[in-house]
Amino acid sequence: MALGLSKVFSSVTKPKLVEVTEPKIYSIKNAQEAYYRYLFPQNTEQPLSLPQKLVINVVQEALQKKPTRQKAVPHLPHVIPRLMRSLRDPDSSVKDYVEIINKDPVMSAAVLKLGNSVYFNPIGKRIDNIERAVVKLGIEGLRAVLSAAVMQPIIQRESAYFSQCGQRMWQHSLNTAVACEIIAKNTKTPEPFKVYLLGLVHDIGKITIFSELCKQFKKNGEEISPGYNAFVPLMKVLSPAVSYWVAKDWELPTELCKALAEQVNISAGSKVSPYAHILYKANMVTEVYTTSYGNNKKLAASVLAGLDLPENMFETLDTLSLEL
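Rules used throughout
- Residues numbered from 1 in each chain as written.
- Predicted model: local features only at pLDDT ≥ 70, side-chain atom pairs only at ≥ 80, totals over all residues.
- Heavy atoms only, no water.
- Helix = DSSP H or I, 4+ residues; strand = E, 2+ residues; numbered from the N terminus.
- Rg over C-alpha atoms; globule rule 2.2 N^0.38 Å.
- Buried < 20%, exposed > 50% of the residue type's maximum accessible area, 1.4 Å probe, protein only.
- Axes fitted to C-alpha atoms, helices over the stretch in contact; angles between N-to-C directions.
- Parallel < 35°, antiparallel > 145°, perpendicular 65-115°, else oblique.
- Left-handed = near helix turned anticlockwise from the far one by under 90°.
- Contact = heavy atoms within 4.5 Å.
- Nonpolar A, V, L, I, M, F, W, Y, C, P; charged D, E, K, R; others polar.
- Core = buried A, V, L, I, M, F, W, Y, C linked by side-chain atoms within 4.5 Å.
- Disulfide = S-S within 2.5 Å.
- Phe/Tyr/Trp six-rings, centres within 6.5 Å; stacked < 30°, edge-to-face > 60°.
- Lys NZ or Arg CZ within 6 Å of the ring centre and 35° of its normal.
- Arc of directions from axis to C-beta.
- Salt bridge = Lys/Arg side-chain N within 4 Å of Asp/Glu carboxyl O.
- Polar contact = N/O pair within 3.5 Å; in protein donor to acceptor, adjacent residues only side chain to side chain.

By the naming in an unreviewed UniProt entry, the protein is HDOD domain-containing protein, taken from Saccharophagus degradans.

Structure representation (structure tokens):
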């Protein structure tokens, strides 16, 4: 499949590249496959019917066209560009954020729920209104919580099959965003919120492919329920590219688009930009957190050490699901 990404960044000043290294005990492919098995269990693996093969081919071709993607993917929430602009002038946007949030009861509830997780609110005093959220979370925390709140419905989309997939992909995206932010701060990477946003949107390709396949399988009306083979092969091949294309459609910052493009066929020995390297590490460690941390802590700890990440990374990720 020709993805046409090689000439995209020819006019951009290239940052110092970083070489991708895999943990000796566990490869990128190991982590990826375990994560897909978590989304689509092995007992759903079955041969494809001819109609399913035709649906997969149609979706594969369609998502490479911008007009189709624009119909398949919701528009970027208008608050995200404001959050990006606020990186340069954070104080001027606080009042705007409060007004935006208070006008939308659903968003208000989502902000308060996220704001009352132990990770975002380590002080431990429950937040019960948006004004207090601004005071307690601060502008940096509010950016993170608000961007997660507006992206959640886009990522956690309802589906006709594998109903838990949306929630699981959303939780992985949030975990990856937080891991990106932790790594960025530890490596003193400028503007860690940008890297946080990168982690939040990095799997938009997976959820887009999954949603479109579900929609087309449902239209097909076949009695045979689609399983692992109906979703995973196409997601493996196309989802990194779709994430990049959607980011370009959304006009996200160039360095974020570039980092997503560099995830296409990433492997040990690849030389990538610093943002792409952070995303690679964050994505892999959160896949391992989801699939191995609960049942094989030795393996999870080895991967953490192999990626040279903080020893308390998994414990920090635990705090995302703990509410005050």
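1. Topic: the overall build of the protein
When you go through the protein residue by residue, the secondary structure sums to 15 helices and two strands. The C-alpha radius of gyration of the protein comes to 20 Å, within 12% of the 20 Å expected for a compact globule of 324 residues. Projected onto the principal axes, the alpha-carbon positions of the protein cover approximately 55 × 45 × 45 Å. Looking at the 324 residues of the protein, the share that counts as buried comes to 53%.

2. A word on the packing of helix H12 (residues 254-261) against helix H13 (residues 274-291)
Two packed helices can be described by the angle between their axes and the distance between those axes. Taken N-terminus to C-terminus, the directions of H12 and H13 make an angle of 55°; their axes are 8 Å apart at the nearest point. Accordingly, the angle class assigned to the pair H12 and H13 is oblique. The hand of the H12/H13 crossing is right-handed. Contacts between H12 and H13 involve Glu255, Leu256, Ala259 and Leu260 from the first element and Tyr275, Ala276 and Leu279 from the second. Residues of the contact of H12 with H13, tallied by class, amount to six nonpolar, no polar and one charged.

3. So, the packing of helix H11 (residues 228-249) against H12
The interhelical angle for the contact between H11 and H12, taken along N-to-C directions, is 165°, at an axis separation of 8 Å. Viewed along their axes, H11 and H12 adopt a mutual orientation that is roughly antiparallel. The two elements H11 and H12 cross, and the hand of that crossing is left-handed. Judged by residue contacts, Pro240, Ser243, Tyr244, Ala247 and Lys248 of H11 engage Cys257, Leu260 and Ala261 from H12. Its residues placed into classes, the contact of H11 with H12 shows six nonpolar, one polar and one charged.

4. Topic: the nonpolar core
Counting residues in hydrophobic clusters, the biggest one holds 115 residues, and the most contacted among them are Met151, Tyr196, Phe231 and Trp250. The dominant element in this core, judged by the number of residues it contributes, is helix H7 (residues 130-155), at 14 residues. Not counting residues up to four positions away in its chain, the partners in contact with Tyr196 are Phe120, Ala144, Ser147, Ala148, Leu174, Ala177, Val178, Cys180 and Glu181.

5. Considering the environment of Leu260
With respect to the helices and strands, Leu260 occurs in helix H12. In sequence terms Leu260 and Ala148 are 112 residues apart; their C-alpha atoms lie 18 Å from each other. Sequence-distant contacts of Leu260, defined by excluding residues within four places in its chain, comprise Leu198, Val201, His202, Pro240, Ser243, Tyr244, Ala247 and Leu279.

6. Examining the state of the cysteines
Applying the stated rule across the entire model yields zero disulfides. Note on Cys180: no disulfide assigned, nearest cysteine sulfur contributed by Cys257 at a separation of 15 Å. Cysteine Cys214 is unpaired, with the sulfur of Cys165 as its nearest cysteine sulfur at 7.5 Å. On the basis of relative accessibility, which here comes to 3%, the residue Cys214 falls in the buried class.

7. Quick notes on the packing of aromatic side chains
Under the criterion given, the structure shown has 13 aromatic pairs. Aromatic pair Tyr289 and Phe314: ring centres 5.8 Å apart, planes at 15°, arrangement stacked. Placement of the pair is Tyr289 in helix H13 and Phe314 in helix H15 (residues 313-318), with a sequence separation of 25 residues. The two residues Tyr289 and Phe314 agree in class, both being buried. Taking the ring centre of Tyr228 as reference, the NZ or CZ of Arg37 above it sits at 3.9 Å.

8. Notes on helix H14 (residues 297-306)
When H14 is considered as a whole, its buried residues turn out to be Leu299, Ala300, Val303 and Leu304. Take H14 and look down its axis: the buried residues cluster within an arc of 140°, on one side only. In H14, the exposed positions angled more than 90 degrees off the buried face are occupied by Lys298 and Ala305. Next to the buried residues of H14 lie H13 and H15. Immediately beyond the C-terminal end of H14, within one or two residues, lies Asp308, with a positive phi of roughly 60°.

9. Re the pattern of salt bridges
Counted under the stated rule, the structure contains twelve salt bridges. Connected via shared salt-bridge partners are Glu33, Arg37, Glu45 and Lys236.

10. Section: the environment of Glu33
Looking at the secondary structure, you find Glu33 in helix H1 (residues 28-39). A polar contact of 2.8 Å, which involves the side chain of Glu33, links it to the side chain of Arg37. Among the polar contacts made by the side chain of Glu33, one reaches the side chain of Tyr228 at a distance of 2.6 Å.

11. Considering unusual backbone geometry
It is generally the case that most residues other than glycine have a negative phi and that most peptide bonds are trans. One non-glycine residue with positive phi stands out, namely Lys188, at about 55°. Position of Lys188 among the secondary structure elements: in the loop between helix H8 (165-186) and helix H9 (192-201).

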